[in-house]
Amino acid sequence: MSASQPVPVSGKGGRPARLLTQNREMRQIGVWNWSLPAWAGRLPDGRTYNTCPSAGVCAQACYALTGTYMWPVVRAKHQGNLMFVLDDLPGWEAAMVAELGAAKFHGGWIRIHDAGDFFSDAYLLAWLRICRARPDVNFYAYTKEVARFRRLVEPDPPENMLWVYSYGGTQDAALDPAVDRVADVFPDDDAIAAAGWASQEASDLLAVLGPRLVGVPANRIPGHLKRLSGRRFSEWQAEVDADHAARRDRRHLRVAADNTRDTVEPGTTRRAPAPIDQPRAA
Ligand code: SF4
């Protein structure tokens, strides 16, 4: 996916003049984008942010941390969007609802987040209100905020909002591909077909309108492909999670060993430790 076209960075009061943008690829399928800066960074005023708090391995091969997304005008636009949200969430929500009232959006689709994710409850709840305020517009999103969606969206989703959970995040283990609509990044289209998943390459809308198991071919960025090294994001993330779990276990064992090492007072004899029920490491 490519970055949104450069647009005026600021309008009245330093706020973005337009919130929704469209690149050539999205214009062909009638989709408009809302975007934040991807992942973590620092705003011009010095504040730090993380718009993808559940990003995992995806951040090491993030399409939105390369190429046109890094152009100063594009980056400034996305950071301006984020500052509007952070500094005046009600004002941003009202501006989004107003902009979506334009006739060109009726019956169209909005992709929530060309980059970034639903980074807080308040921000996600604002989007749910926006969807309900504009029932004649369709919305969709990829997200790694699994727990937040399970809690705030799944019980009562807006009828005009669709989403797909995407692999490569710290909450991958909470996904069930037998039930959830899920997207995974594969090395290429052949790997998608071999796995029996459906590629969304022909239209990004297939991520929410096509078959439930969504394959996304990796961007042909040499450094990203090298890191991916033939794996799917889900496989890469599972390896990282297993490695973290093994390190955690080793740390716990070390702490447990330290705690069970009894001290021997001078002039006393060491007693045999009491039997314990806990399983021991091999
Ligand atoms: S969640 Fe998406 S935008 Fe955020 S770091 Fe991962 S790939 Fe990039």
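Residues numbered from 1 in each chain as written. Predicted model: local features only at pLDDT ≥ 70, side-chain atom pairs only at ≥ 80, totals over all residues.

Engineer: Whenever I open this one, the overall build of the chain confuses me. Can you help?
Structural biologist: Per the secondary structure count, the chain includes nine helices and nine strands. Looking at the 282 residues of the chain, the share that counts as buried comes to 35%. Contacts spanning at least 24 positions in sequence make up 66% of the contacts within the chain whose residues lie at least 6 apart. (Helix = DSSP H or I, 4+ residues; strand = E, 2+ residues; numbered from the N terminus. Buried ≥ 20, exposed ≤ 12 C-beta atoms within 10 Å, placed from the backbone. Contact = placed C-beta atoms within 7 Å.)

Engineer: Looking at this structure, how should I read the sheet that holds strand β7 (residues 182-186)?
Structural biologist: Pairing between the strands of a sheet is mediated by backbone hydrogen bonds and can be parallel or antiparallel. Across the sheet, which stays open at both edges, the seven strands sit in the order β1-β4-β5-β6-β7-β9-β8 with parallel pairing between neighbours. Each having just a single partner strand, β1 (31-34) and β8 (198-199) make up the two edges of the open sheet. In this sheet, strand β9 (residues 213-217) lies alongside β8 in parallel orientation, the contact comprising two bridges. Bridge assignment links Ala-198 to a residue of β9, and that residue is Val-214. (Pairing = 2+ DSSP bridges.)

Engineer: What is the right way to read the site of the ligand from this model?
Structural biologist: Neighbouring residues of the ligand: Ala-38, Trp-39, Cys-52, Ala-55, Cys-58, Ala-59, Cys-62, Ala-64, Ala-115, Gly-116, Asp-117 and Lys-144. In terms of residue class, the shell around the ligand is built from nine nonpolar, one polar and two charged. (Near = placed C-beta within 6 Å. Nonpolar A, V, L, I, M, F, W, Y, C, P; charged D, E, K, R; others polar.)

Engineer: What exactly am I supposed to notice about the pairing of strand β4 (residues 109-112) here?
Structural biologist: Within a regular strand, the side chains alternate between the two sheet faces. Burial along β4 is two-sided: Trp-109 and Arg-111 and Ile-110 and Ile-112, pointing in opposite directions, are all buried. Bridge analysis of β1 against β4 gives four bridges, and the strand direction is parallel. Note that in β4 the partner of Trp-32 across the bridge is Ile-110. Once the chain exits β4 it traverses helix α4 (residues 121-133) before rejoining the sheet at strand β5 (residues 138-143), and the crossover so formed is right-handed. (Right-handed = clockwise from strand over helix to strand, strands pointing away.)

Engineer: Quick question: what am I supposed to make of α4 here?
Structural biologist: Side chains that are three or four residues apart share a direction in an α-helix, a result of its 3.6 residues per turn. A rise of 1.5 Å per residue sets the reference length of α4, with its 13 residues, at 18 Å; its end C-alpha atoms lie 18 Å apart and thus fit the reference within 8%. All of the buried residues along α4 are Tyr-123, Leu-124, Ala-126, Trp-127, Ile-130 and Cys-131. Down the axis of α4, the sector holding all buried residues measures 155 degrees, keeping them to one side. Turned more than 90 degrees off the buried face of α4, the exposed positions are Asp-121 and Ala-122. Those residues of α4 that are buried lie in contact with α2 (72-87), α3 (89-99), β4, β5, α5 (146-152) and β6 (161-166). (Expected span 1.5 Å × (residues − 1). Arc of directions from axis to C-beta.)

Engineer: Looking at this structure, I do not really get the packing of α3 against α4. What am I missing?
Structural biologist: The packing of two helices is summarised by the inter-axis angle and the distance between the axes. One can describe the packing of α3 onto α4 by two numbers: an axis separation of 10 Å at closest approach and a directional angle of 25 degrees. On the basis of the axis angle, α3 is roughly parallel to α4. Crossing geometry of α3 relative to α4 is assigned as right-handed. Contacts between α3 and α4 involve Leu-89, Glu-93, Met-96 and Val-97 from the first element and Ala-122, Ala-126, Arg-129, Ile-130 and Ala-133 from the second. (Axes fitted to C-alpha atoms, helices over the stretch in contact; angles between N-to-C directions. Parallel < 35°, antiparallel > 145°, perpendicular 65-115°, else oblique. Left-handed = near helix turned anticlockwise from the far one by under 90°.)

Engineer: Got a minute to help me understand the nonpolar core in this structure?
Structural biologist: The tendency in soluble globular proteins is for nonpolar side chains to be buried as a group. Membership of the largest hydrophobic core comes to 60 residues, with the highest contact counts inside it found for Ile-110, Tyr-123, Trp-127, Phe-139, Val-164, Ala-183 and Val-214. No other element matches α4, which puts six residues into this core. With residues up to four places along the chain from it excluded, the contact list for Ile-110 reads Leu-20, Trp-32, Trp-34, Val-137 and Phe-139. (Core = buried A, V, L, I, M, F, W, Y, C linked by C-beta atoms within 7 Å.)

Engineer: For this particular structure, what's the right way to read the confidence of the model for the chain?
Structural biologist: When pLDDT drops low, the exact placement of atoms in the prediction is not to be read closely. Overall, the predicted model of the chain reaches an average pLDDT of 89, with 87% of residues at or above 70. Note that pLDDT drops below 50 for residues 1-9; the model gives that stretch 31 contacts with residues more than four away or on any other chain. Taken together, the stretch residues 269-282 has pLDDT below 50 and engages in five contacts with residues farther than four places along the chain or on a different chain. (pLDDT = per-residue confidence, 0-100.)

Engineer: Looking at this structure, how should I read the pairing of β9?
Structural biologist: Bridge count between β7 and β9: five bridges; the pairing is parallel. Its bridge partner lying in β9, Phe-186 is registered against Pro-217.

Engineer: Could you clarify how one ought to interpret unusual backbone geometry in this entry?
Structural biologist: Trans peptide bonds make up the majority, and among non-glycine residues the majority have a negative phi. The backbone of His-113 sits at a positive phi, close to 85 degrees, despite the residue not being glycine. The residue His-113 is located in the loop between β4 and α4 in this model. Phi angles above zero are rare outside glycine, and Ser-229 is one such case at about 35 degrees. With respect to the helices, strands and loops of the structure, Ser-229 is situated in the loop between α8 (222-228) and α9 (233-260).

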